[in-house]
Amino acid sequence: MKIPFVAGNWKMNLSVDEAVKFLQDIKGKLPDPKVTETCIAASPLFLESMIQENVGSSLLISAENCFYEDEGAYTGETSPKALHEMGVTHVIIGHSERRKYFNETDDIINKKVHAAFRNHLTPIVCCDETMSRRESSDRISWVVSQVTNALKSIDPQQAQHIIVAYEPSWAIGSGKTASTDEAEEGCYLIRQTIADLYSDDLANQVRVLYGGSVNDDNADEILAQTDIDGVLAGGASLKSDSFLKLANFLQK
Ligand code: 13P
């Protein structure tokens, strides 16, 4: 049985002290990781302190991004190898904000997925959908191509561990959550794409998340959908009490 996955993406928010205080606040209050896995993705500046504070907790610590080479002359980039060595287990790849502000292409994202697996990090691959794409006729093909390109040359042993998040950018930070039908439709489309690339069995093992204005009020309805195995929350993950509500919502 798939274990639901509740993740927070802090983006470029909070301070090291606030990050550590957050972990202190949630200690002992997270669900059993056999029931729900929980994860926070934070700035590389916070990760060392968070990992130290997190000892004994089931919270998984994720980076928000990494580079696609392990080391070398890449000023300002974050090494996936160093992330693994410091105890990070997950990494978000291809968030719509990275596609939009840092010109990340499908090719770069695919290289990063390879780099994550090479360094024993679980990639949380984000699949965007802009409003103009949503309203256009190539909407489905765009979602399909993002997933297909991200997974290029990823073998089934690796692919079964990937986490994919349907994160329509029109719903991110806008307070405009996708309806449950829209969220389910996007996640279903991602799962079908994975089934076409690999197999139904493998697609059913992969956890597909929804992200975009998730909060304590809408999470239970979203999480009740067949193809939604968890959430990737931005704003609602910044406060320990709202993150704990999300983490403890799941009944699946
Ligand atoms: P919000 O929950 O703030 O809309 O952000 C979603 C997101 O981008 C998570 O990666």
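So, how was this worked out
Residues numbered from 1 in each chain as written. Predicted model: local features only at pLDDT ≥ 70, side-chain atom pairs only at ≥ 80, totals over all residues. Heavy atoms only, no water. Helix = DSSP H or I, 4+ residues; strand = E, 2+ residues; numbered from the N terminus. Buried < 20%, exposed > 50% of the residue type's maximum accessible area, 1.4 Å probe, protein only. Contact = heavy atoms within 4.5 Å. Areas by Shrake-Rupley, 256 points an atom, 1.4 Å probe, with all protein chains shown as cover. Lys, Arg positive; Asp, Glu negative; His and termini not counted. Charge placed at Lys NZ, Arg CZ, Asp CG, Glu CD. Phe/Tyr/Trp six-rings, centres within 6.5 Å; stacked < 30°, edge-to-face > 60°. Lys NZ or Arg CZ within 6 Å of the ring centre and 35° of its normal. Pairing = 2+ DSSP bridges. Axes fitted to C-alpha atoms, helices over the stretch in contact; angles between N-to-C directions. Parallel < 35°, antiparallel > 145°, perpendicular 65-115°, else oblique. Nonpolar A, V, L, I, M, F, W, Y, C, P; charged D, E, K, R; others polar. Salt bridge = Lys/Arg side-chain N within 4 Å of Asp/Glu carboxyl O. Near = heavy atom within 4 Å. Polar contact = N/O pair within 3.5 Å; in protein donor to acceptor, adjacent residues only side chain to side chain.

Attention now moves to the overall build of the chain. From N to C terminus, the chain includes twelve helices and eight strands. Its C-alpha atoms give the chain principal-axis dimensions of roughly 45 × 45 × 35 Å. Here the chain, with 252 residues, has 52% of them falling under the buried criterion. Considering only contacts within the chain whose residues lie at least 6 apart along the sequence, 73% involve residues at least 24 apart. For the chain, the accessible surface area stands at approximately 11400 Å², while carbon and sulfur atoms represent 50% of it. In the chain, 23 positive and 37 negative side-chain charges are present, and the distance between their average locations comes to 2 Å.

The next subject is the packing of aromatic side chains. Within the structure shown, the criterion is met by five aromatic pairs. Consider the rings of Y166 and Y210, whose centres lie 6.2 Å apart with planes at 50°: the pair is tilted. Note that Y166 is positioned in strand β6 (residues 163–167) and Y210 in strand β7 (residues 207–210), a separation of 44 residues in sequence. Using a relative accessible area of 0% as the deciding quantity, one classes Y210 as buried. Taken together, the ring pairs in this structure connect W10, F22 and F243 into an aromatic cluster. Its end group placed over the ring of F102, R98 keeps NZ or CZ at 4.1 Å from the ring centre.

For β6, the buried fraction is high: five of the five residues fall into the buried class. Where burial is concerned, the two faces of β6 agree: the one with I163, A165 and E167 and the one with V164 and Y166 are both buried. As paired strands, strand β5 (residues 122–128) and β6 are joined by five bridges and run parallel to one another. Residue pairing in the sheet places V125 in a bridge with V164 of β6. Summarising the sheet, β6 and β7 pair through four bridges and their orientation is parallel.

Direction vectors running N to C along helix α5 (residues 106–118) and helix α7 (residues 139–150) enclose 40°, while the axes themselves pass 8 Å from each other. With respect to their mutual orientation, α5 and α7 come out oblique. On α7, the residues touching D106, I109, N110 and V113 of α5 are S145, Q146, N149 and A150. Residue composition of the contact of α5 with α7, by class: three nonpolar, four polar and one charged.

The next subject is the pattern of salt bridges. Applying the stated criterion to the full structure yields 13 salt bridges. Here D229 ties to K2 by a salt bridge, and the two come within 3.2 Å at their closest N and O atoms. Of this pair, D229 sits in the loop between α11 (219–223) and β8 (230–233) while K2 sits in the segment before β1 (5–9), placing them 227 residues apart in sequence. Of the residues examined, K2 reaches a relative accessible area of 26% and is grouped as partly exposed.

The next subject is the site of the ligand. As a matter of local geometry, the ligand sits amid 14 residues, with K11, H95, G173, S213 and G234 nearest to it. Within the side chain of H95, an N or O atom sits 2.8 Å from an oxygen atom of the ligand. In the model, an oxygen atom of the ligand is placed 3.0 Å from a nitrogen or oxygen of the E167 side chain. Considering the ligand on its own, with 310 Å² of exposed area, one finds that the protein chains cover 94% of that surface.

All right, on to the pairing of β1 then. Burial analysis of β1 places five of its five residues in the buried class, the great majority of the element. Residue alternation in β1 divides its side chains into two sets, F5, A7 and N9 and V6 and G8, and both sets are buried. As paired strands, β1 and strand β2 (residues 37–42) are joined by five bridges and run parallel to one another. Its bridge partner being in β2, A7 is matched across the sheet by C39. Of the strand pairs in this sheet, β1 and β8 are connected by four bridges, and their pairing is parallel. Bridge pairing in β8 places G8 opposite A233.

Right, let's talk about the environment of V231 for a bit. For V231, the location among the structural elements is in strand β8. Linking V231 and K11, residues 220 residues apart in sequence, is a C-alpha distance of 15 Å. If near-sequence neighbours (up to four positions away) are discounted, V231 is found in contact with F5, V6, A7, L209, Y210, V214, I222 and L223.

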